[in-house]
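Structural overview
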Amino acid sequence: MIFWVGFALRVAVILVGHTYRIRTSQGNFDFGFEAGRIARSLVAGQGYANPFNGISGPTAWLPPLYPLLMAGSFKVFGVYTRGAALALMVMDSALSAAIAPAVYEIAARCFDARGIARRASKMMAPVAVWSAWMWAVYPAALQYAVHWIWEMSVTACLFSWAMVVALRLRGVGEEGPGLKPLSMRGEETRELKPSPNPKNQSQRLGLWFVLGVLWGLIALTNASLMLCLPAMMVWIVWPELRGWRLSGRMVVGAVLTCVAFAAVLAPWVVRNERVMGAPVLTRDNFGVELYESTLERNDGFPWGTTVPLWTGDPEYKQYVSMGEIAFAKMRGEQAKARIRARPWRTAKWTLDRFLFFWDGTPHAANGHLANEYLRQLSYCFLSVCGLLGLALMLRRKVEGAGLFAAIFLLLPLPYYLVTVQPRFRHPMEPLIAVLAVFLFRSAKEKSVEGRA
């Protein structure tokens, strides 16, 4: 029910607000930006190429999953049409709403299965219920699905369900080996009964396989999250790893995850080797992004395209003539030289990006102070709630706290070092929602004993 309410709300916002009417400035570049250009190139029969204006040749500027989804929409509804925009936003809305069941299970396993933060609630899973509803209806949770044609909702959905699979593999919220967890339906519990071992083992191997597939798709959507994969794998096997008794079953499962991950990624890597002439794992533009982060004109916050859109610009011509791989490598070397020349400035900008990640929003388009203040307050309030909730989770040694902490530590690192925007935090916001509800449900009323 929560999923359908969240999905209906998102679609209603799109239709009532006409958010599918994308601005047509800069030749429709605002319609998906580089992903839109690549999708247009695919539909036009020019291959996975041309991420900017003009014909610039094959590209690995972006991982392929979202540009391919855009190309499918363009093929059916037309290139840069409102029908294509609506289809993409409805798809993003479905994926955004599908995060709610994942949020429910994460909260239920970590908190409700042990009765943590239940207080006087009549519900069996109050943290799960309120977290899922918060994700379904809170404006900050749905904004990227209804306003942006980009990969945020896809990435957040994949990452949230990868979290669910990790918790299942670790057995968080379950009463013991071979036992089924509490029901994920909130109001009822399911009788705990032993599961037959062969079936249980095959189910766990299936989960390991699913984990690899999910992370392969994440790598093909937003490779910045890949730092969290090793941490998640180590966390899953840590109980056995800590005791130096890693079982064969665990080893087989971890290998299966790696094989599934490699299988999902392989077509893209092979394509890049053949077409780009280099073994690009996910994307090849890191050097260009890093270079932009060192320029004084950006003051530590690169914004907009990293290659000029005007085809007559000398920098654009250099990008085309050198080829994407060579151009990115050159920019990377220039960036390293600039960082070595002024390390303290780089350190300052890194600190600025750190603060922005947790306490910043872009300026309101209309410049209205009230609008800007409310956006800032909402963004900062969620950050504070998430961090305090994580601190409380660690203090109480709640099962799963180590995984949450690793994600909060590792996921933002690339953005601290290169560039940051509020949308980059979106994959972590389902966890922030869970931690915020846990924090407030953990609050205790003042004792009235001894009062006259």
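In what follows, the structure referred to is the one given above.
Not measured: the values here are computed from a predicted model.

1. Focus: the overall build of the protein
Counting its secondary structure elements, the protein contains 20 helices and zero strands. Counting the 452 residues in the protein, one finds 51% classified as buried. Restricting to contacts in the protein with at least 6 residues of sequence separation, those with at least 24 account for 73%. Counting every atom, the protein has about 21,300 Å² of accessible surface; 65% of that belongs to carbon and sulfur.

2. Examining the environment of Gln46
With respect to the helices, strands and loops of the structure, Gln46 is situated in the loop between helix 3 (33-43) and helix 4 (65-77). Put simply, Gln46 and Pro58 are twelve residues apart on the chain and 8.6 Å apart in space, counted from C-alpha to C-alpha. In contact with Gln46, other than residues within four places in its own chain, are Ser41 and Ile55. Of note is the side chain of Gln46, whose polar atom sits 3.0 Å from the side chain of Asn50.

3. Here's the deal with the packing of helix 6 (residues 99-110) against helix 7 (residues 126-137)
Running from N to C, helix 6 and helix 7 cross one another at 155°; their axes reach a closest spacing of 8 Å. One way to sum up the angle between helix 6 and helix 7 is to call them roughly antiparallel. Between helix 6 and helix 7 lies a crossing whose hand is right-handed. When helix 6 is examined against helix 7, the residues Ile99, Ala100, Val103, Tyr104, Ala107 and Ala108 are found in contact with a partner set consisting of Val127, Ala128, Val129, Ser131, Ala132 and Trp135. Partitioned by chemical class, the residues of the contact of helix 6 with helix 7 number eleven nonpolar, one polar and no charged.

4. Focus on the side chain of Ser93
With respect to the helices and strands, Ser93 occurs in helix 5 (residues 82-97). Given the relative accessible area of 0%, Ser93 is considered buried. Within the local environment of Ser93, its side chain forms a polar contact with the backbone oxygen of Met89, the two atoms lying 2.8 Å apart.

5. Brief notes about the nonpolar core
With 127 residues, the main nonpolar core has Phe31, Phe111, Leu211 and Trp215 as its most contacted residues. Counting residues per element, this core draws most heavily on helix 9 (residues 152-170), at 13 residues. Here Phe111 is in contact with Ile116, Val127, Met393, Val398, Val434, Leu435 and Phe438, once residues within four sequence places are set aside. Counting residues in each nonpolar core, the second largest holds five residues, with Leu290, Tyr291, Leu295 and Ala335 among its members.

6. Notes on the packing of helix 1 (residues 2-17) against helix 7
Between helix 1 and helix 7, the least distance of the axes is 8 Å, while the angle of their chain directions is 15°. Between helix 1 and helix 7, the interaxial angle falls into the category roughly parallel. Once helix 1 is placed against helix 7, the crossing between them reads as right-handed. Contact residues: helix 1 offers Ile2, Val5, Gly6, Leu9 and Arg10, while helix 7 offers Val129, Ala132, Trp133, Trp135, Ala136 and Val137. Considered class by class, the residues forming the contact of helix 1 with helix 7 number nine nonpolar, one polar and one charged.

7. A short note on helix 4
With 13 residues, helix 4 should reach 18 Å at 1.5 Å per residue; the first-to-last C-alpha distance of 19 Å fits that figure. Within helix 4, burial applies to Tyr66, Pro67, Met70, Ala71, Ser73 and Phe74. The buried residues of helix 4 occupy an angular sector of 165° when projected down its axis, which confines them to one face. Pointing more than 90 degrees away from the buried face of helix 4 are the exposed residues Lys75 and Val76. Buried positions along helix 4 lie against helix 3, helix 5 and helix 9. Looking one or two places after helix 4, you find Gly78, whose phi comes out positive at around 105°.

8. Looking at the pattern of salt bridges
Pairs can form between side chains of opposite charge once their charged atoms are near each other. For the coordinates displayed, the defined rule picks out 14 salt bridges. Between Arg342 and Glu296 there is a salt bridge, and its shortest N-O distance comes to 3.8 Å. Taken together, the residues Arg342 in the loop between helix 15 (324-341) and helix 16 (343-359) and Glu296 in the loop between helix 13 (286-293) and helix 14 (314-322) connect sequence positions 46 residues apart. Taken together, the shared-partner salt bridges connect Glu105, Arg109, Arg168 and Glu174 into one network.

9. A closer look at the packing of aromatic side chains
Scanning all chains against the criterion turns up 26 aromatic pairs. Ring plane angle 75° and centroid distance 5.5 Å describe the contact between Tyr319 and Phe327, whose orientation is recorded as edge-to-face. No difference in accessibility class separates Tyr319 from Phe327, as the two residues are buried. Judged by centre distance (5.1 Å) and plane angle (75°), the ring pair of Phe357 and Trp358 falls under edge-to-face. On the basis of relative accessibility, which here comes to 9%, the residue Trp358 falls in the buried class. One aromatic cluster is present, built from ring pairs that chain together Phe354, Phe357, Trp358, Phe408, Tyr415, Tyr416 and Phe424.

10. Brief notes about the side chain of Arg10
Inspection of the secondary structure assignment puts Arg10 in helix 1. A distance of 2.9 Å separates polar atoms of two side chains, one belonging to Arg10 and the other to Ser96. Setting aside chain neighbours within four positions, we find Arg10 in contact with Ser93, Ser96, Ala97, Trp135, Ala136, Ala141, Leu142 and Val146.

11. Description of unusual backbone geometry
With a phi angle near 55°, His18 is a residue other than glycine that sits in the positive phi range. Summarising the element assignment, His18 is placed in the loop between helix 1 and helix 2 (25-28). In this structure His18 comes out as partly exposed when scored by relative accessible area, which is 34%.

12. Looking at helix 5
Over its 16 residues, helix 5 extends 22 Å from the first C-alpha to the last, a length consistent with the 22 Å expected when each residue adds 1.5 Å. Listing the buried residues of helix 5 in full gives Ala84, Ala85, Leu88, Met89, Asp92, Ser93, Ser96 and Ala97. Where the residues of helix 5 are buried, they touch helix 1, helix 4, helix 6, helix 7, helix 8 (139-147) and helix 9.

What counts as what
Residues numbered from 1 in each chain as written. Predicted model: local features only at pLDDT ≥ 70, side-chain atom pairs only at ≥ 80, totals over all residues. Heavy atoms only, no water. Helix = DSSP H or I, 4+ residues; strand = E, 2+ residues; numbered from the N terminus. Buried < 20%, exposed > 50% of the residue type's maximum accessible area, 1.4 Å probe, protein only. Contact = heavy atoms within 4.5 Å. Areas by Shrake-Rupley, 256 points an atom, 1.4 Å probe, with all protein chains shown as cover. Polar contact = N/O pair within 3.5 Å; in protein donor to acceptor, adjacent residues only side chain to side chain. Axes fitted to C-alpha atoms, helices over the stretch in contact; angles between N-to-C directions. Parallel < 35°, antiparallel > 145°, perpendicular 65-115°, else oblique. Left-handed = near helix turned anticlockwise from the far one by under 90°. Nonpolar A, V, L, I, M, F, W, Y, C, P; charged D, E, K, R; others polar. Core = buried A, V, L, I, M, F, W, Y, C linked by side-chain atoms within 4.5 Å. Expected span 1.5 Å × (residues − 1). Arc of directions from axis to C-beta. Salt bridge = Lys/Arg side-chain N within 4 Å of Asp/Glu carboxyl O. Phe/Tyr/Trp six-rings, centres within 6.5 Å; stacked < 30°, edge-to-face > 60°.

By themselves, these figures tell us nothing about what the structure is for.
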